[in-house]
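Coordinates in review
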Amino acid sequence: MSTWISKAGLVASVCLALGACVPGAPLLSGGTATRAIAVSGGAVVVTGPQGYCIDRSAVRDRPDAAFVLFGTCAALSGSASAGQPARPALLTAAVLPNAPEAPALAASFPVLAAFFRSAPGRAALSRSGKGEAVEVLDVTSKDDVLFLHVKDSSAATGPAVDADYWRAVLALRGRMVTLSALGLKDRPLSSSEKRRVLEALVAQMRAANAGPGPAG
């Protein structure tokens, strides 16, 4: 446990820095969309709630990290019949190797919470890398998942997003996974709506990755 805790800040920083790139990513219309994709050598299946699809053009899948961006199925496919949520959010997933089992990760949540409230932790959460631009509004845990409610006043490049958003940290199949739910400024969502769609994303990810991962 002590070995994991000593690395918690570094792992969280790298993982969340990947997610911080989201506002600069393209939000496509008429692009390529799929409901699920396997990343990290097939170890983790990334999939979202009903109405959300993966923008395949924005997927980054490397041995050290994977990043996936979700948009609405209708927008990404260019077809309204593909479906979309009534009040859409922008969702992301980042996957890194070498996470502890879920109970061990949950035991380190107090350490992670303290880290994210610190200046280095807030800098890791910031789109600009500046901790002073970030306020951690709430940190809670539920069922071996750490939830963070964050306000980031950094300027966003790409789709205009709300300053406040929700992020989840959990372990799946030996990988560290961070998920986020952001609201678009032209279609704003309440904090509770973002939290609900994030919890739906967590549930979908857990269901898709139940049981042991592939051998090797």
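Everything discussed here concerns the structure shown above.
These remarks concern the structure in this document. (Residues numbered from 1 in each chain as written. Predicted model: local features only at pLDDT ≥ 70, side-chain atom pairs only at ≥ 80, totals over all residues. Heavy atoms only, no water.)

**Focus on the packing of aromatic side chains**
Going through the model one piece at a time under the given rule, you end up with 1 aromatic pair. Over the ring of F147 we find R195; its NZ or CZ atom is 4.0 Å from the centre of that ring. The positively charged end of R195 is found above the aromatic ring belonging to W166, 4.8 Å away from the centroid. (Phe/Tyr/Trp six-rings, centres within 6.5 Å; stacked < 30°, edge-to-face > 60°. Lys NZ or Arg CZ within 6 Å of the ring centre and 35° of its normal.)

**Observations regarding the pairing of strand β3 (residues 44–47)**
Summarising the sheet, strand β2 (residues 36–39) and β3 pair through 4 bridges and their orientation is antiparallel. Each bridged residue has a counterpart across the sheet, and for I37 the counterpart in β3 is V46. Hairpin connection, β2 to β3: the antiparallel pair is bridged by 4 residues, and S40 has positive phi, about 55 degrees. (Pairing = 2+ DSSP bridges. Helix = DSSP H or I, 4+ residues; strand = E, 2+ residues; numbered from the N terminus.)

**So, the pattern of salt bridges**
Counted by the stated rule, this structure contains 8 salt bridges. Residue D152 pairs with R127 through a salt bridge whose shortest N-O separation is 3.9 Å. Of this pair, D152 sits in strand β9 (residues 145–152) while R127 sits in the loop between α5 (119–125) and β8 (134–142), and the two are 25 residues apart along the sequence. With a relative accessible area of 18%, R127 lands in the buried category. Taking the shortest distance from any N to any O, the salt bridge between D164 and K194 comes out at 3.1 Å. Separated by 30 residues along the polypeptide, D164 in strand β10 (residues 161–172) and K194 in helix α6 (residues 191–208) bring together distant segments of the chain. The network of salt bridges with shared partners includes K142, R195 and E199. (Salt bridge = Lys/Arg side-chain N within 4 Å of Asp/Glu carboxyl O. Buried < 20%, exposed > 50% of the residue type's maximum accessible area, 1.4 Å probe, protein only.)

**Overview of the state of the cysteines**
Put plainly, two cysteines are in a disulfide when a covalent bond ties their sulfur atoms together. In this structure the tally under the stated criterion is 1 disulfide. Disulfide pairing places C53 opposite C73 at an S-S distance of 2.1 Å. On the sign convention where negative means left-handed, the S-S torsion of about 90 degrees between C53 and C73 marks this disulfide as right-handed. Of this pair, C53 sits in strand β4 (residues 52–55) while C73 sits in helix α2 (residues 73–77); the two residues are 20 residues apart in sequence, bridging distant segments of the chain. The class for C73 is buried, based on a relative accessible area of 4%. (Disulfide = S-S within 2.5 Å.)

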